[in-house]
Every structure is written in C-alpha cells, then in structure tokens.
Amino acid sequence: MNDVQASEIQYTPRELLACVASRLINDGESVFVGTGLPLVGALLAQKLQAPDMMAIYECGAVDPEPRVLPWSVACSWTYHKAPIILSMSSVFGHSRAGYSDVGFLGGAQIDMYGNINATVIGDYDHPKVRLTGSGGANDIASLCERVIFMGLHLPEHFPERVDYITTPGFLDGPGARERAGLLGGGPWRVISHLGVMGFDEETCRMKLISYHPGVTPDVIQQFTGFELVVPGDVMETPKPTEEELRVLREEVDPNQLFVF
Amino acid sequence: MSHANDRLFDHQQAREWKLKKSRMKRDKRMPLSDAVAEFVEDGDSLVETGFAYVRGPMAAYWEIGRQKKKDLVGIFTPGGMNSAWHEFGGMEGCHVAYVGVEMRGLISPFRRGVEAGTLKVYSEWSHGGLALGLRAAEQGVNYMACKSMLGTDIMKTNPYIKEAQDPWTGEPVCLVPAVYPDVAILHVHHADKYGNGRIWGPAVNDTAIAAAARKVIVTCERIVDTEDIRANPYQVVVPHYVVDAVCESPLGAWPGEMPGLYYFDRRLQERIVRVDWKTAEGTKAWYEEYILGTKGQFEMLSLAAEEEGIHPLEYVKELENLACDSAFCSLGSWGIGGGRDWKYEEVAKRAI
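Scoring rules and cut-offs
In every chain, residue numbers begin from 1 and rise along the written sequence. Each chain gets a letter, beginning with A, and each ligand a number, beginning with 1, in the order they are written. It should be noted that, the model being predicted, local features are given only for residues of pLDDT at least 70 and side-chain atom pairs only at 80 or more, the latter also being counted only at that level, while totals for whole chains, interfaces and linings use all residues. Secondary structure is summarised from DSSP: a helix means a run of H or I of at least four residues, a strand means a run of E of at least two, and numbering begins at the N terminus for each. Throughout, the radius of gyration refers to the C-alpha atoms, and the reference size of a globule is 2.2 Å times the residue count to the power 0.38. Labels follow a simple rule on C-beta atoms placed from the backbone: if 20 or more others lie within 10 Å of a residue's own, it is buried; if 12 or fewer, it is exposed; otherwise it is partly exposed. For every residue pair, C-beta atoms are placed from the backbone, and the pair is scored as a contact if these atoms sit within 7 Å. Each pair of strands is called paired provided DSSP finds at least two bridges between the two strands. A right-handed crossover is one whose linking path, passing over the helix from the first strand to the second, runs clockwise when the strands point away from the viewer. All amino acids are sorted into three groups, where Ala, Val, Leu, Ile, Met, Phe, Trp, Tyr, Cys and Pro are nonpolar, Asp, Glu, Lys and Arg are charged, and the leftover types, Gly among them, are polar. Each nonpolar core consists of buried Ala, Val, Leu, Ile, Met, Phe, Trp, Tyr and Cys residues. Their C-beta atoms, within 7 Å, join them into a set. Domain boundaries shown here were taken from an automatic or database domain assignment. Across the chain, each position has a pLDDT score giving the predictor's confidence in that residue, from 0 to 100. Axis geometry follows a simple rule: fit a line to the C-alpha atoms, using only the stretch in contact for helices, then measure angles between N-to-C directions, giving values from 0 to 180 degrees. Any angle from 65 to 115 degrees is called roughly perpendicular, while one under 35 is roughly parallel, one over 145 is roughly antiparallel, and all others are oblique.

1. Quick notes on the overall build of chain B
Line of reasoning, step 1. Check the secondary structure of chain B and you find 14 helices and 12 strands.
Line of reasoning, step 2. A globule of 352 residues ought to have a C-alpha radius of gyration of about 20 Å, and chain B, at 20 Å, matches this closely.
Line of reasoning, step 3. When the backbone C-alpha atoms are referred to their principal axes, chain B occupies close to 60 × 50 × 40 Å.
Line of reasoning, step 4. Across the 352 residues that make up chain B, the buried fraction comes to 55%.
Line of reasoning, step 5. Across chain B, contacts joining residues at least 24 apart in sequence account for 75% of those joining residues at least 6 apart.

Below is the structure:
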C-alpha cells in the first residue's frame, strides 16, 4: 500500500528540475546563483542536505539567510542577514580567487560542448531575436569550478553549435578552454525538463546521465539537435521525494513564484 | 562635438573635466527637472546604476523621457528601462552587459530596436568585465587584465577589449580599458545637501561609477544633515566633490525596489514588461500617458494605483509593507532614531 502511494506522488516538471538541481549541491560548497530555477534549487539544497551551502549573488551578496524567495538576484532577500555585501567586481574577484565551487546558470541555447547563448538567435548583425546578453553568466562560467546549466529541452535550444557563444563551455572541444586561458572545469551538468546530462571526459561532448520518469533516452535524442553520447549506464532520474516536495512547497516557494 | 563613444575611454579628457569641477561645499539641492535639464545633455553616455530595477534612479529616468533628451548612449550593466527611449529618439545606441528582467524575460523595446537596427549595440560585455572597466577608472589604472570573456564571441563583438598575454606567465588574459561615462545618476537612501550619499544594501558598481563619470546627479529618498553623514561614513558610496546636483526624490526607485524601504511594484513591472511595452504602439501610448501625462513619481504612482482600482495611499502602503525588513537595523545604526523615522504614506499624503 505504501509503495502504491509513493508511486503516486504528484509533481510538476519544474518541481522535478528544482529537486534534481538541489541534489547536485554538497554541504559546505559555495554556489554562484543565477536567477529563476537555479535560485530555487540552491535554496532547496540549503534546507535539505546542505545547510552550510553558501550562496553568492552577482549584486555582491554573500551567504544570506533569505526568509522569502528572492524576486531577483539583486532583491533585498539575497542580502537579508548576509555577513558581507561586496561590490560586483569584488564578488567576481572572489570567484577568480577560488571561492566559488559551483556556478548555476540558465540561457536560451546550449550546444554539444556546453557553450551557452544568451545574446542573439540568428546572425549577430541582423538578429532574429535579440536576447539579454551575458549578465554575470559569462563570468560565472569562466571563473567557477563547475557549472550547472538549467533549461528547456527542445531541438532549437540544444543545437549542435550555438548562434553566439556568450558563455564558454568547452568552446570547440578538448583543450580549448585551456588554450583560451579560461579557469575552472567548465560545464559539468545540464538539467533539462527531460533528463540530466554531463560531458564526456575525452571528447568534451554532452552525454546522457539520466532520463526523467516517463521519458526515454530515444525521446531525449529526438529533442536534441546533435548526437548525444549515451553510455551504457544511463538510468532513470530518481523522483522527487515527499520530503523534497514538502520543503520546496512549504518553505522555499510557498507562493509558487517559480515552481508552477 | 565628439561622439559619446570617443569620450568613453578618454582618460585624459575625463581628468581635465574633473580638474575643472568645483570642490566648494555648496548647497547643490535642486528640483530633479532642473538637474536633468542641466546635466543630462543630448548625445551623452548614461551609465545605469544600482542593479537596474533595484535602487535604480527611476524618477530621473522618467524625467529624461519627459524632457525628450536625444541620442543618449546607454551603458547597460545591467539595465533596461532606458532602452525604451530609442523608440522616441531618446537613445541611439548602447553598450550591453545585460538588458532584461531576469525570469520575467526580455524588454520588448530593446529587442525591437536591436532587431530593426534602430538601436545600435556598440559593444557586448559580461557584467564582471564592464564592472572592471568602471573599477579601473576608480582605481586610476588604464586597464584591468581579467579571465572573463576569453574564448567567446564577446571578444569579437566588443571593439574595446583585447586579448593579450600576461607578461609574467604568458597565459591569455582579457584587457578591459577604464570606462568614463559622461553622466551617472545615483539613487541613494540619504544624501546631504553637498552630495554625500549613503545606501543600505549592495553598492554594485556605484562607488566606481561615482569616480568614473564626468557628471554625477545624486537623487535620494531623504536629505539628511551633513553631521549625520560625517558621524558615520561607512555606507557612503558617493562623496560630495564628484556630485553636481542633489535632488530629494522620495519613491525615486519606484517601480523598482529600494532596499529596506519599499519592495518592487511587481504588478506594474509585470504589466509594463508583458503588456504595455509589448508593441511599439503600446509603448508610445504608455509613454504619453505615464511619462508625458505626469509630472513626477506621485502622479505616476497615482495613475498606476487608479488603474488597479486601489487608492494611491493603500498602494504605497502595500509596497512599503513588502520591504525586506532587515534594513531597519542598519538604518538604525546610522543614528536616525533607531529605525526608519518616516512613512511614505505620510510623504504621499502631502504629495498627492
């Protein structure tokens, strides 16, 4: 009877994403947090397995104790009870110095080498869609040790090559980050609404790690604009637990600002 | 008259300009409309301050719209609301680190302008990169060498930054030149009549911008006694000698957030971004109603409140009640009566 109930836990795709993201953060790590779902995932991790996780925001806030889900990466709740508030250049300086373990990002497009586009869709000089530009994303991916990307999984969002590299992944393949002079390990995980991806150590190409419940590797391939590396050990993404969903709904995002 | 971009990296011209500025402690208070009329000139580069819609000088931006300034060059780090002016000839180009409203998406006038080619993008930056350019101006160095932007298309679409070899290690670095905007408007919690301004919350780039910009307007929620500032200078982000004008501007960051004092007007911001500015015609109608049709923050806020069917005083109270309260402790430590000693409701009552 208990098993049946467990399998009937209801959750939305965004709730699953937030839970998957939160599991990637270990206690005691510093996490450079972007806006939206990354923010939710980081706060969830802090309330579950990583109470000593330290959030960093590009407005300069470090290690706050937000009571309310911040509406923006510069919202006052990102520095509620923060012991220090740095300037923008200093907060990235701290990342370059080695104080940022994880960078948490979104974006419009990500390619097979983990490069992210947040600038233009189409030709730069005659864009089909003009996007926001980098913001802190380029700095976060250039300076943090490992980078997690979250986004919607559609072929046009996962092209073989992005239209514009705003934020560096592995650029054009093995050794390119080092040649360019970039720091940090580069892209580490990609969390989409279909599955969790990583990157092949030798080829630097995106590989499947797990597919979400109800999805198959074939479906993920169909929704990806390039050939995914699919190792033999891919598995199903563990579903959100009751505890994860309870904390997410009651403590992290009670007003359902982000997870709907 | 040179183009704003020719002045933007000219450290010698910026120094000559600042050598001529008066250091006299004089009362620089004036109405916001006078300050914008005198110190924001057509063709100027205008750097955004605060964090776009957190502690941004929105009242001044609306006044720029009202006065129909022409051909400004925006420096968006981050930014957004100013990008709408290009649809009325107010902005001809920009330097972009970020324009948008995070989870709420893109700013349509910016998108339309760039896609149609009517708003030029002169250079792309990362937030950290542009922050370093402003910091270089503050620190008095010609450029900074950093590890951002390398290997990406930003390097190809920004004519001002350069890749070079670190002379010690030989590794690639990105060189960012010192940036000297023509004009900056800083919105602060308190300022004295000479222009010393202090804040609660993050300075973001404001200490750097205060030193970098040629002309500086300070707008503040409240004018305070200069002794109050001198007794506790720790939160001061802008010193008097860089300041050209001081304008008391309560609710000056609305519809953005002023840390500790009032929260985002989420309702109005969502409406602007998702509805009012969605089309060029909509933006024009909004501009005529909200900007040209009003004289200042309280008239504009009354209009927004009426459209929602809420009494303006209730509307103000709601924004005030949503403020993140941890700021109160900080404000108290400034010795202004153990906490916030005024209510916007009261200010609004007098103004409306």
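Having seen it, we continue.
2. With respect to the pairing of strand 4 (residues 120–124) of chain B
Residues and elements named next belong to chain B.
Line of reasoning, step 1. Among the 5 residues of strand 4, 4 are classified as buried, and the element is accordingly described as predominantly covered.
Line of reasoning, step 2. Two strands pair when backbone bridges link them, and strand 3 (residues 91–96) and strand 4 are joined in this way by 4 bridges, in the parallel orientation. Within strand 4, the residue paired with V96 across the bridge is E124.
Line of reasoning, step 3. Viewed along the sheet, the connection from strand 3 through helix 5 (residues 108–116) into strand 4 turns out right-handed.

3. Some points on the environment of G256 of chain B
All names here are of chain B.
Line of reasoning, step 1. Mapping G256 onto the fold places it in the loop between strand 12 (245–248) and helix 9 (266–276).
Line of reasoning, step 2. Once the C-alpha coordinates of G256 and L106 are considered, the two residues, 150 residues apart in sequence, prove to be 16 Å apart.
Line of reasoning, step 3. Once residues lying within four places of it in the same chain are set aside, the contact partners of G256 are Y53, V54, G56, M58 and F264.

4. Quick look at the interface of chain A and chain B
Line of reasoning, step 1. The interface is formed by 49 residues belonging to chain A together with 49 residues belonging to chain B.
Line of reasoning, step 2. In the side of chain A that touches chain B, the residues fall into 24 nonpolar, 19 polar and 6 charged.

5. A short note on the nonpolar core
Line of reasoning, step 1. By size, the foremost hydrophobic cluster in this structure holds 195 residues, and its most contacted members are V31, V33 and A42 of chain A together with V216, V218 and V238 of chain B.
Line of reasoning, step 2. Counting residues per element, this core draws most heavily on helix 3 (residues 37–47) of chain A, at 7 residues.
Line of reasoning, step 3. Built from parts of two domains, this core gets at least three residues from each of domain 1 (4–248) and domain 2 (275–351) of chain B.
Line of reasoning, step 4. Apart from residues no more than four positions distant in its own chain, V216 of chain B is found in contact with A184, L186, A210, V238, V242, V243 and D244 of chain B.

6. With respect to the confidence of the model for chain B
All names here are of chain B.
Line of reasoning, step 1. Counting all residues, the mean pLDDT for chain B is 92, and 95% of those residues have values of 70 or more.
Line of reasoning, step 2. This stretch, residues 328–339, has a pLDDT under 50; its non-local contacts, to residues over four places away or in other chains, come to 18 contacts.
Line of reasoning, step 3. Predicted as a complex, the structure gets a pTM of 0.94 and an ipTM equal to 0.95.

7. Some words on the packing of helix 11 (residues 297–307) of chain B against helix 12 (residues 312–321) of chain B
All names here are of chain B.
Line of reasoning, step 1. Remark: helix 11 packs on helix 12, axes separated minimally by 8 Å, with the N-to-C direction vectors making an angle of 100°. By the angle between their axes, helix 11 is roughly perpendicular relative to helix 12. Judged by residue contacts, L301, S302 and A305 of helix 11 engage P312, Y315 and V316 from helix 12.

8. Here we look at the domain arrangement of chain B
All names here are of chain B.
Line of reasoning, step 1. When cut into domains, chain B gives domain 1 (4–248) and domain 2 (275–351).
Line of reasoning, step 2. Opposite the 15 residues of domain 1 that make contact, domain 2 presents 17 residues.
Line of reasoning, step 3. The biggest single contributor to the side of domain 1 that touches domain 2 is helix 4 (residues 58–66), with 4 residues.

9. Structural notes on unusual backbone geometry
Residues and elements named next belong to chain B.
Line of reasoning, step 1. For the peptide bond that leads from T77 to P78, omega is -15°, which places it in the cis range.
Line of reasoning, step 2. Checked against the element boundaries, P78 lands in the loop between strand 2 (72–76) and strand 3.
Line of reasoning, step 3. Residue P255 follows W254 across a cis peptide bond; omega there is 10°.
Line of reasoning, step 4. Mapped onto the secondary structure, P255 falls in the loop between strand 12 and helix 9.
Line of reasoning, step 5. The phi torsion at A52 lies on the positive side, around 60°, for a residue other than glycine.
Line of reasoning, step 6. Relative to the assigned elements, A52 resides in the loop between strand 1 (45–47) and helix 4.
Line of reasoning, step 7. The phi dihedral of D71 falls on the positive side, at around 55°, and the residue is not glycine.
Line of reasoning, step 8. Note that D71 resides in the loop between helix 4 and strand 2.
Line of reasoning, step 9. The class for D71 is partly exposed, based on 17 C-beta atoms found within 10 Å.

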